[in-house]
Amino acid sequence: MLAEMDPSMDFVPRICLDMSFSILMSLGDPCDLARASCVSHCWHEFVVSNGLSKQLCLKMFPQLSGVDHVTESCSFKSDAETGSSNTKEWDVLEREHRVYGFLSHCSRSIADRECILDAISASSTDNFPEEGINNTLEKRDRVGRIASYWSSKGQKNPAVPETLIYKLVGDLCVITEIDVQPFQAFFQFGSPIYSAKSVRFRMGYPKASVDLDAADKSCHYSPDDKFVWTYTSPEFPMAQEFKFPEPVLCIGGFLLVELLGRVQRQEMDGSFYICVSHVRVLGRPLSPTFGVEMIEPSGKFVLKALSYTKESLPESSPRRISSLELQRRVRNLEYILNMLRGNVRDVEDIWDEEQDDSDEEFV
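These numbers were taken from a predicted model, which means no experiment stands behind them.

A. Molecular detail of the overall build of the protein. Within the protein, the regular secondary structure consists of seven helices and 19 strands. For the protein, the residues scored as buried account for 49% of the 363 residues in total. Carbon and sulfur atoms form 51% of the exposed surface of the protein, whose accessible area is close to 18,000 Å².

B. The side chain of Ser53, seen in detail. Among the secondary structure elements, Ser53 is positioned in helix H4 (residues 52–60). Leave out the neighbours within four places in its chain, and Ser53 touches Leu33, His97, Tyr100, Gly101 and Ser104.

C. Structural view of the sheet that holds strand S19 (residues 300–305). With mixed pairing, three strands are arranged side by side in an open sheet as S1-S19-S18. Two strands in the sheet have a free side with no partner beyond their single neighbour: strand S1 (67–72) and strand S18 (290–295). The mean angle between the axes of side-by-side strands here comes to 20 degrees, regardless of whether they run parallel or antiparallel. Here S1 runs beside S19; their pairing, made up of five bridges, is parallel. Paired with His69 across the strands is Val302, a residue of S19. Contacting S1, S18 and S19, helix H5 (residues 88–109) runs over the sheet at an angle of about 90 degrees to S1.

D. Region of interest: H4. Here H4 has its buried residues at Leu52, Ser53, Leu56, Cys57 and Met60. Each buried residue of H4 sits inside an arc of 135 degrees when the element is viewed along its axis, so together they form one side.

E. Unusual backbone geometry, seen in detail. For the peptide bond that leads from Phe128 to Pro129, omega is 5 degrees, which places it in the cis range. Mapped onto the fold, Pro129 is located in the loop between strand S3 (116–122) and strand S4 (142–143). Phi is positive for Ser191, close to 45 degrees, though the residue is something other than glycine. Along the chain, Ser191 turns up in the loop between strand S8 (172–184) and strand S9 (193–194).

F. Region of the structure containing the pattern of salt bridges. What the rule picks out here adds up to 12 salt bridges. Between Glu96 and Lys54 there is a salt bridge; the shortest N-O distance is 3.9 Å. Residue Glu96 is found in helix H5, and its partner Lys54 is found in helix H4; the two are separated by 42 residues along the sequence. In this structure Glu96 comes out as buried when scored by relative accessible area, which is 17%. Residues Arg200 and Glu235 are paired through a salt bridge, measuring 3.9 Å at the closest nitrogen-oxygen approach. With a gap of 35 residues between them, Arg200 in strand S10 (residues 196–206) and Glu235 in the loop between strand S11 (227–232) and strand S12 (236–237) connect regions that are remote in the sequence.

G. Quick peek at the packing of helix H3 (residues 41–49) against H5. Interaxial distance between H3 and H5 falls to 9 Å at its minimum, and their mutual angle equals 85 degrees. Put simply, H3 runs roughly perpendicular to H5. Packed against H3, whose contacting residues are His44, Glu45, Val47, Val48 and Ser49, the element H5 presents Trp90, Leu93, Glu94 and His97 at the interface.

H. Local environment of empty space enclosed by the protein. One pass over the structure, following the stated rule, counts two cavities of 30 Å³ or more. Around the largest cavity, the lining residues are Val47, Val48, Gly51, Leu52, Ser53, Lys54, Leu93, Glu96 and His97. Counting only elements with at least two residues in the lining of the largest cavity, the list comes to H3, H4 and H5. Looking at side-chain class alone, the lining of the largest cavity contains four nonpolar, three polar and two charged residues.

I. Representation of the confidence of the model for the protein in the model. Per-chain confidence: the protein averages 80 in pLDDT, with 74% of residues scoring 70 or above. Of all secondary-structure elements in the protein, the lowest mean pLDDT belongs to helix H7 (residues 347–361), at 41, while strand S16 (residues 272–273) reaches the highest, 98. With pLDDT under 50 throughout, residues 79–85 is counted as low confidence; its partners more than four residues away or in other chains account for 17 contacts.

About the thresholds
Residues numbered from 1 in each chain as written. Predicted model: local features only at pLDDT ≥ 70, side-chain atom pairs only at ≥ 80, totals over all residues. Heavy atoms only, no water. Helix = DSSP H or I, 4+ residues; strand = E, 2+ residues; numbered from the N terminus. Buried < 20%, exposed > 50% of the residue type's maximum accessible area, 1.4 Å probe, protein only. Areas by Shrake-Rupley, 256 points an atom, 1.4 Å probe, with all protein chains shown as cover. Contact = heavy atoms within 4.5 Å. Pairing = 2+ DSSP bridges. Axes fitted to C-alpha atoms, helices over the stretch in contact; angles between N-to-C directions. Arc of directions from axis to C-beta. Salt bridge = Lys/Arg side-chain N within 4 Å of Asp/Glu carboxyl O. Parallel < 35°, antiparallel > 145°, perpendicular 65-115°, else oblique. 1 Å grid on protein atoms, 1.4 Å probe; cavity = no way out; pocket = protein on both sides within 12 Å on 5 of 7 lines; lining within 4 Å. Points joined across faces, edges and corners; volume = space filled by probe spheres on them. Nonpolar A, V, L, I, M, F, W, Y, C, P; charged D, E, K, R; others polar. pLDDT = per-residue confidence, 0-100.

Laid out in structure tokens, this is it:
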């Protein structure tokens, strides 16, 4: 149950709404905001009624501005009791508080891992399948004695772009880094590098009428006609690693890599080519804990909380973690779920145990 605060220490009813909003939003960390919502009935009602968890989540991921509404697949009754808790409007606000709060927490607590599930298609391929897009998923530069890479068709105009489309491991993924390694043709004189001048990334989902199972991996035409893009990055000068200043939420589970401009002409035919050895995407998949349902043709979507159990979270990372770290993550997850229900029990223990963990790390 929620605690009662000494009225003389409660600043929320004593200052203006905008000031209270600014103070609580400055917390930044979704865990801190969840704790704040458990301080008292007054604070819980303020956090929930003003949608602070939602506002913080939108601040972290502007891509969520396209959410039409949120749903929960499980029955979830809040422990908090307020004067308006029985109204339909309050139930919606409580639901948003839980869903956005838990999504914010999960987006930070899951360790990065590789997020590409499959290579879908390329805008062109010089020799398919020997130089097909599937080669960009191969971590080795050579398979046996044969170079592994994707190659575009040659163009006399160096401004002609190329695109590569990939399916990610889930409909919702927090993307932190994308690596694109141009191919160096060690078997040609001078070992030229067939790079693009710059690169841009788009993330989104296929339109309902598109059958990706029938897609031709060797070429595709106008991906804008087949996909709805919920995020478009700035144009970056070509580099092997692209670390986003802030994590990006991919909604829909598809990534488009735009390779812009050609720099290397092949001596054999005088044409410009773009070749890529590897593409790797690092991030934090939020499926199967969360899902999305697109609402066409509005461009809006439903954000679904499919489970609030630790078992539904994806595996954190292929790297090994200590048993202490694993126990801490599970414990924190359980605490966050308690707090999002408005349950203040054990809130003090969280601070104590986090401090204990911190102390142990430096022993």
